[in-house]
Amino acid sequence: MRPTFTLGIEEEYQTIDPVTRDLRSHIATEMLAQGKLRLEERVKAEMHQSVIEVGTRICRNIGEAREDIYDLRRNMIRLAEEHGLVLVAGATHPFADWRSQEIYPDPRYAKVVEDLQLVARSNLIFGLHVHVGIEDREAAIRIMNSLRYFLPHILALSTNSPFWLGMETGYKSYRAKVFENFPRTNLPDTFNSYSEFENYVNLLIKTNCIDDAKKIWWDVRPHPYFNTVEVRVCDIPLRAEETIAIAALIQATAAKLWQLHERNLDFRQYSRALLMENKFRAVRYGLAGKLIDFGKEQEVPEKELILEYLAFIDDVLDELQCRDAIGYIRTMLEQGSGADRQLRVFRETGDLKAVVDYMAAETKAGL
């Protein structure tokens with residue numbers, strides 16, 4: 001059965017004080033309640049009170065996803081402004097201190113904090129999650145196994161968190177370094193079948209490691225409740241257009257890998273240990289670095305690899321109606337990722353508040 005390759009996109013936003021440019025809780029406002037009235041279940045709180053999450057409907061193609069995510073951003077920007085806040089899309093805040101941020105009052109988050117303590121409290125990060133509809137669970141596992149290879153390339157495009165606690169970290173995605181303190185994160189191992197994955201989950205539940213599979217926070221996973229493969233590796237990008245380009249890239253990659261499987265071909269599998277070398281390079285250097293081409297056993301500039309990647313998926317783009325969305329990736333290669341642009345503003349101004357202002361402007365750009 002051919003997958004539908006439907007799309008669902010989730011973005012996590014910062015709520016910012018317009019005067020101090022620091023994070024500010026939205027919980028004292030009616031922002032969340034009014035958001036639910038206007039946008040229904042497409043908006044929800046996250047663990048920290050200065051994080052708000054939106055999620056699209058199930059979208060049949062990237063065109064629908066674009067309409068939905070643009071509508072969500074516009075509405076959330078408007079809601080934030082109505083409540084004296086500024087909305088920002090950035091994977092870390094340039095200078096906020098997680099120690100002064102309150103946890104949202106919800107039993108689910110209380111349990112996470114109880115289990116993970118300081119690691120949970122310090123997890124003040126903002127991501128982009130993309131779901132691709134793959135209804136057959138065996139196909140989902142096969143595609144997840146192969147998708148792992150491409151996650152460092154996708155992460156490099158999304159990198160948007162170069163600062164932490166007012167410091168330049170030297171990393172393009174410091175969010176990834178913060179999140180890896182959680183258990184069951186980073187790239188997964190391969191699984192030979194969906195039943196092998198189920199056995200793994202059931203053992204963790206039986207031994208009180210987790211209460212359900214949602215506490216498996218890998219960079220890619222078969223979603224426990226939806227018939228999707230969920231890619232969770234990305235920083236939230238600054239611009240909505242970047243989000244759409246990355247979502248289209250993920251959808252096209254899943255479709256290309258399914259096409260190979262259908263033809264009794266496959267994408268070569270590499271060990272988690274090797275793939276983690278590329279993930280580190282993507283986290284550290286973003287688009288400016290080199291990744292390893294494991295077939296050639298050579299370092300290759302990331303931007304060259306992404307152009308090869310675009311050629312690899314080219315033959316599925318027209319059927320998915322995502323060629324225009326994917327085309328924006330070339331613009332991203334020219335302009336640099338959000339991390340590159342944040343750093344550029346900081347080099348020019350020496351002012352992290354100016355960086356926050358730039359991020360706020362980019363969050364609105366093109367809407």
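Named according to an unreviewed UniProt entry, the protein is Putative glutamate--cysteine ligase 2 originating from Granulicella mallensis. Its UniProt record gives the protein the following Function (unreviewed entry) comment, quoted word for word: "ATP-dependent carboxylate-amine ligase which exhibits weak glutamate--cysteine ligase activity." According to the UniProt record, the Sequence similarities (unreviewed entry) comment for the protein reads "Belongs to the glutamate--cysteine ligase type 2 family. YbdK subfamily."

## Looking at the overall build of the protein
A count of helical and extended segments in the protein gives 15 helices and eleven strands. Relative to the globule expectation of 21 Å for 367 residues, the C-alpha radius of gyration of the protein, 19 Å, shows essentially globular dimensions. Structurally, the protein occupies a C-alpha span of about 60 × 50 × 35 Å along its principal axes. In the protein, which comprises 367 residues, the proportion classed as buried is 59%. Within the protein, counting contacts between residues at least 6 apart in sequence, those at least 24 apart form 77% of the total. Across the protein, the centroid of the 47 positively charged side chains sits 1 Å from that of the 56 negatively charged ones.

## Thoughts on unusual backbone geometry
Phi is positive for Asn-208, which is not a glycine, with a value near 60 degrees. Structurally, the position occupied by Asn-208 is in the loop between α8 (194–206) and β8 (220–222). For Asn-208, a relative accessible area of 69% translates into the label exposed. Backbone geometry places Gln-321, a non-glycine residue, at a positive phi of 60 degrees. For Gln-321, the position within the fold is in the loop between α12 (317–320) and α13 (323–335).

## Overview of the pairing of strand β9 (residues 228–235)
On any regular strand, side chains alternate: one points to one face of the sheet, the next to the other face. In terms of burial, β9 is largely enclosed, as eight of its eight residues are buried. Alignment of strand β5 (residues 127–133) against β9, held across six bridges, turns out to be antiparallel. Paired with Val-130 across the two strands is Val-231, which belongs to β9. The pairing of β8 with β9 spans three bridges and is classified as antiparallel. Residue Arg-221 lies in a different strand from β9, and its bridge partner there is Glu-230. The loop that links β8 with its antiparallel partner β9 comprises five residues.

## A few points about the nonpolar core
Core analysis: the largest hydrophobic core is formed by 126 residues, its most contacted members being Ile-62, Met-76, Ile-134, Ile-154, Leu-249, Ile-326 and Ile-329. When residues in this core are grouped by element, the largest group, 14 residues, is from helix α9 (residues 240–262). Look past the residues within four positions of Met-76 in its chain and what remains in contact with it is Tyr-13, Met-31, Leu-39, Val-43, Ile-52, Val-54 and Leu-87.

## Brief notes about helix α10 (residues 272–285)
Here α10 contains 14 residues, and its C-alpha end-to-end distance of 20 Å stays within 8% of the 20 Å for a straight helix at 1.5 Å per residue. By the burial criterion, the buried members of α10 are Leu-275, Asn-278, Lys-279, Ala-282 and Val-283. Buried residues along α10 cover an arc of 140 degrees about the axis, so they all sit on one side. Just downstream of α10 lies Gly-286, where phi reads positive at about 60 degrees.

## A closer look at the pattern of salt bridges
Throughout the structure, instances matching the rule amount to 30 salt bridges. One salt bridge connects Glu-11 with Arg-73, and the closest N-O pair in it is separated by 3.0 Å. Of this pair, Glu-11 sits in strand β1 (residues 7–16) while Arg-73 sits in helix α2 (residues 62–82), and the two are 62 residues apart along the sequence. For the pair shown, Glu-11 and Arg-73 are each scored as buried. Of the charged contacts in the structure, one is a salt bridge between Glu-230 and Arg-232, with a shortest N-O distance of 3.2 Å. One continuous salt-bridge network, built from bridges that share partners, spans Arg-42, Arg-57, Asp-68 and Asp-71.

## A few points about helix α3 (residues 107–116)
Of the residues making up α3, those classed as buried are Tyr-109, Val-112, Val-113 and Leu-116. Taken down its axis, α3 places every buried residue within 95 degrees of arc, on the same side. Seen from the open side of α3, the exposed residues pointing more than 90 degrees away from its buried face are Pro-107 and Glu-114. Of the surrounding secondary structure, the elements contacted by the buried residues of α3 are β2 (43–45) and α4 (118–121). Gln-117, located one to two residues past α3, shows a positive phi value of around 55 degrees.

## Description of the packing of helix α5 (residues 137–147) against α8
Running from N to C, α5 and α8 cross one another at 85 degrees; their axes reach a closest spacing of 8 Å. Taken as axis vectors, α5 and α8 run roughly perpendicular relative to one another. Residues Arg-137, Glu-138 and Ile-141 of α5 form the contact with α8, whose participating residues are Tyr-194, Ser-195 and Phe-197. Its residues assigned to classes, the contact of α5 with α8 comprises three nonpolar, one polar and two charged.

Cut-offs used in this document
- Residues numbered from 1 in each chain as written.
- Predicted model: local features only at pLDDT ≥ 70, side-chain atom pairs only at ≥ 80, totals over all residues.
- Heavy atoms only, no water.
- UniProt positions renumbered as here; feature names shortened; annotations may be inferred.
- Helix = DSSP H or I, 4+ residues; strand = E, 2+ residues; numbered from the N terminus.
- Rg over C-alpha atoms; globule rule 2.2 N^0.38 Å.
- Buried < 20%, exposed > 50% of the residue type's maximum accessible area, 1.4 Å probe, protein only.
- Contact = heavy atoms within 4.5 Å.
- Lys, Arg positive; Asp, Glu negative; His and termini not counted.
- Charge placed at Lys NZ, Arg CZ, Asp CG, Glu CD.
- Pairing = 2+ DSSP bridges.
- Core = buried A, V, L, I, M, F, W, Y, C linked by side-chain atoms within 4.5 Å.
- Expected span 1.5 Å × (residues − 1).
- Arc of directions from axis to C-beta.
- Salt bridge = Lys/Arg side-chain N within 4 Å of Asp/Glu carboxyl O.
- Axes fitted to C-alpha atoms, helices over the stretch in contact; angles between N-to-C directions.
- Parallel < 35°, antiparallel > 145°, perpendicular 65-115°, else oblique.
- Nonpolar A, V, L, I, M, F, W, Y, C, P; charged D, E, K, R; others polar.

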